[in-house]
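Architecture at a glance
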Amino acid sequence: MTEIFNFFGNILGYLLWFFYTLIQNYGVAIILFTLVLKIVMFPFSINQQKSMAANSKMAAQQKELQKKYGNDKVKLQEETQKLYEKEGINPASGCLTTFIPFPIMIGLFYTVQNPLANALHLSADGIAKAVEMLRQIPGLGASFSAQYAQIEIVKHFAQLKPQLTMFSAAELTKIESFSHGFQFMGLNLLDTPSDGANIFGTLFRSNLWVIPVLCLATSLVTQYFMMKMQPGMQQQQGCMKGMLYLMPLFSAWLACTMPAAVGFYWIISTIFGFLQTIILNIWYSPADLNAKAEAQRVALLEENESKRKPVAGAFYRNQEINPQPQQRATAKSGASKTKTKGGKTNSDDYLGMKK
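Bear in mind the structure is a predicted one, so any value in this text is a computation, not a measurement.

**Observations regarding the overall build of the protein chain**
Helix and strand counts for the protein chain stand at 20 helices and two strands. The 355 residues of the protein chain split such that 38% are buried. A separation of at least 24 residues holds for 68% of the contacts in the protein chain among residues at least 6 apart in sequence.

As structure tokens, then:
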């Protein structure tokens, strides 16, 4: 699984490196990087918004079905399927749009976590040798996390440069340039806000405490307003609703123990996600989407009804112009009869006349 996510990170790293070469600042590159991806994924967000609006519209009807057929699971499933068909809704339509952003988000994390491999795209053999060399350095080898070894190499490049003989001169130049671009608004995005074993004892040793605090604040504010703007989220109860508030706390704890660049990306992603939600609710609000869907459904019914009427009219007109054999026989026999002076038909008189 790690290899798959690292593959996504390697691909997305080309975009991140492109922005870095233009700006020469990793923080600004992350902002542009996240913005572009949000724009690319916006159509998926629209589809997800439509799916949420449709499910919100049907929530009341589904509750009625559950009350009526709650004890009969088979019947409940049948009636629910009929309801989906009647409303023209595919219950699985929102699943794809929900899962597609996940590998991209994980890929972004791996891009930030492994800058030598996924941003600079250096050789895997050289990176492996550099990490092994880092383990042998007294003091530093025991203090750094192997998970963030590549960040440590970039962070301490000035001290490690004489030992990084496994890289070519061109690769060393790229690493050196990269190591100078992690200062953003007075923050070194390569540093970790605190130690995992002693978070509160080490959190305020530098100004990086602002990263986990902003991570928590932006997540809570976003969750609060999203619940206000999206009726579907308000209907969640129990542990599911509690998870909406536990996840911001968990993300803040991770932001404390990971390099600041990772937490900074989460903050920027959360902010852009919140702005995206506002835009979606202005242009694609659930009420407008449901009204539009209902208008389309009514128009489709009227169109189908209008198609049926001409077919019936054409049938009767066809009967008048081209009568069936039985009708033609009746008409012929009627024509063979003559009428008397009193207006009545008399076949004997007709036969007599023939004589």
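**Here's the deal with the packing of aromatic side chains**
The tally for this structure, following the rule as stated, stands at 11 aromatic pairs. Plain terms: the ring middles of Phe225 and Phe274 are 5.8 Å apart, the flat faces sit at 50° to each other, and that makes the pair tilted. Residue Phe225 is found in helix α14 (residues 210-229), and its partner Phe274 is found in helix α17 (residues 260-283); the two are separated by 49 residues along the sequence. Given the relative accessible area of 38%, Phe225 is considered partly exposed. Summarising the aromatic geometry, the rings of Phe250 and Trp253 are spaced 6.3 Å apart at their centres and angled 20° between planes, so their arrangement reads as stacked. Taken together, the residues Phe250 and Trp253, both in helix α16 (residues 238-257) and three residues apart, mark about one turn of the helix. A relative accessible area of 43% places Phe250 in the partly exposed class.

**Digging into helix α12 (residues 169-179)**
Each full turn of the α-helix corresponds to 3.6 residues, which orients residues three or four apart in the same direction. The complete set of buried residues in α12 reads Glu171, Leu172, Ile175, Phe178 and Ser179. Each buried residue of α12 lies within a common arc of 125° when the element is viewed along its axis, so the set occupies one face. Exposed residues lying more than 90 degrees from the buried face of α12 are Ala169, Ala170 and Thr173. Taken together, the buried residues of α12 touch α1 (2-23), α2 (26-40), α7 (115-118), α10 (149-155) and α11 (157-160).

**Observations regarding unusual backbone geometry**
Positive phi, normally seen in glycine, also occurs at Gln24, with a value near 65°. Note that Gln24 resides in the loop between α1 and α2. Judged by relative accessible area, which is 40%, Gln24 ranks as partly exposed. The phi angle at His121 is positive, at roughly 55°, despite the residue not being glycine. Here His121 lies in the loop between α7 and α8 (124-135). By relative accessible area, His121 is classed as partly exposed at 23%.

Thresholds, definitions, all that
Residues numbered from 1 in each chain as written. Predicted model: local features only at pLDDT ≥ 70, side-chain atom pairs only at ≥ 80, totals over all residues. Heavy atoms only, no water. Helix = DSSP H or I, 4+ residues; strand = E, 2+ residues; numbered from the N terminus. Buried < 20%, exposed > 50% of the residue type's maximum accessible area, 1.4 Å probe, protein only. Contact = heavy atoms within 4.5 Å. Phe/Tyr/Trp six-rings, centres within 6.5 Å; stacked < 30°, edge-to-face > 60°. Arc of directions from axis to C-beta.

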